Amino acid sequence: MSTILVTGGSGTLGRHVTDRLRTDGHEVRVLSRHTQPYAVDLREGGSGLDRAVDGADTVVHCATSARGGDEKAARNLIAAARRAGVGHLVYISIVGVDRVPYPYYRTKLAVERLVEDSGTGFTVLRATQFHDLVFRVLQGLAKSPVVPLPARVKDQPVEVTEVAERLAQLAQGTPVGRAEDMGGPEVRTFDSLARAYLRAAGRRRAVVKVPLRGAAYDAFRAGGHLAPQHAVGIRTFDEYLTTRFNGGGARR
């Protein structure tokens, strides 16, 4: 069995990756800003990062921050991994980062390139958006009497535990470079996802489709973030909603 470090190992994806790897018998270290004994801010690096990486066979990089700094964090992690002689660096990215000129996507693409140029054996898996993210977006929009949605945009949400399963499998294998993309089972219009959410939540809201402008919107409208040819996910958004509401996991 291997020693595997999971950055962001307490997050939405990382905790499921960690659970799967431990179930398979690996020694798993969880690195996050607030989880001992490897409480490290990757943007700062330092001796704590070196200690976390030391002796690890594989690093699964799930950590990300909406506050920015992902490129700096990746540089620090890659440098530490190279010093420690890590043999396999696994990175989770997003479908369409090379096609959609959205700031966060550009950052993910930049990190992909850092990983590819790291000199370390690597695997990059791109997935479509998680059910959880689509849910949170719709939950926030539904707080107002009218739900505004970008017109003519589709999405292909995927179950986070299924992505975690795939990422854990890749982490236990040899480096493959770019793995095949992973998409959810259905490509659906965003307004159909919103209406499904409203039905499941028992909310009555007007849904308004708003045409937007800009290169990023045009790319989303063209489906640059979709992977219909890799619709390998199993759990649908409706099934996710059923579990989320019937299980009491969501506030209306």
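Here, every reference points to the structure presented above.
A.B. asks: Residue-level account of the overall build of the protein chain, with values.
C.D. replies: From N to C terminus, the protein chain includes nine helices and 10 strands. For the protein chain, the C-alpha radius of gyration of 19 Å lies close to 18 Å, the compact-globule estimate for 252 residues. Looking at the protein chain residue by residue over its 252 residues, the buried ones come to 50%. Counting contacts in the protein chain only where the partners sit at least 6 residues apart, residues at least 24 apart contribute 79% of the total. Accessible surface computed for the protein chain: about 11,900 Å², of which carbon and sulfur atoms make up 49%. Within the protein chain, one finds 36 positive and 26 negative side-chain charges whose respective centroids are separated by 9 Å.

A.B. asks: Tell me about helix H4 (residues 103-116), and please be specific about residues and values.
C.D. replies: Helix length check: H4, at 14 residues, gives a terminal C-alpha distance of 20 Å against a target of 20 Å (1.5 Å per residue), a fit within 8%. Buried residues of H4: Tyr-105, Lys-108, Leu-109, Val-111, Glu-112 and Val-115, and no others. Within H4, the buried residues cover an arc of 160° as seen down the axis, which keeps them to one side. Projecting away from the buried face of H4 at angles above 90 degrees are the exposed residues Pro-103 and Arg-106. Of the surrounding elements, those touching the buried residues of H4 are helix H3 (70-84), strand S4 (88-94), strand S5 (122-127) and helix H8 (215-221).

A.B. asks: Pulling in residues and values, what's your account of the side chain of Arg-126?
C.D. replies: Mapped onto the fold, Arg-126 is located in strand S5. Overall, the relative accessible area of 4% leaves Arg-126 in the buried class. A polar atom in the side chain of Arg-126 sits 3.2 Å from the side chain of Asp-98. Here Arg-126 is in contact with Ser-93, Ile-94, Val-95, Val-97, Asp-98, Leu-109, Glu-112, Arg-178, Asp-181 and Met-182, once residues within four sequence places are set aside.

A.B. asks: Describe the sheet that holds strand S8 (residues 177-178), listing the residues and the values that go with them.
C.D. replies: Spatial strand order, S2-S1-S3-S4-S5-S8: six strands in an open sheet with parallel pairing. Of all strands in the sheet, those bounded by a partner on one side alone are strand S2 (27-31) and S8. Looking at chain direction, S5 and S8 are connected through two bridges and run parallel. Residue Thr-123 lies in a different strand from S8, and its bridge partner there is Gly-177.

About the cut-offs
- Counting restarts for each chain, with residues numbered from 1 along the sequence as it is written.
- The predicted origin of the model limits local features to residues at a pLDDT of at least 70 and limits the giving and counting of side-chain atom pairs to 80 or more, whereas totals for whole chains, interfaces and linings rest on all residues.
- Side-chain numbers here rest on the full set of heavy atoms in the structure, without hydrogens or water.
- Only DSSP runs of H or I with at least four residues qualify as helices, and only runs of E with at least two residues qualify as strands; both kinds are numbered from the N terminus onward.
- To get the radius of gyration, use the C-alpha atoms; to get the globule rule, take the number of residues to the power 0.38 and multiply by 2.2 Å.
- Think of it in three bands: with a 1.4 Å probe and only protein chains considered, a residue is buried below 20% of the maximum accessible area for its type, exposed above 50%, and partly exposed in between.
- Residues count as neighbours in contact if any of their non-hydrogen atoms are within 4.5 Å of one another.
- Where accessible areas are quoted, they stem from the Shrake-Rupley method and a 1.4 Å probe; at the residue level, only the protein chains shown are allowed to cover.
- Note that His is not counted, nor are the chain ends; the positive residues are Lys and Arg, and the negative ones are Asp and Glu.
- All charge positions are set by atom: Lys at NZ, Arg at CZ, Asp at CG, Glu at CD.
- To estimate the expected span of a helix, count its residues, drop one, and scale the result by 1.5 Å.
- Working note: the arc is built from the helix axis to C-beta atom directions.
- For this analysis, a polar contact is any N or O atom pair within 3.5 Å, provided that within protein one partner can donate a hydrogen and the other can accept it, and provided that sequence-adjacent residues contribute only side-chain to side-chain pairs.
- Whether two strands pair comes down to DSSP finding at least two bridges between them.

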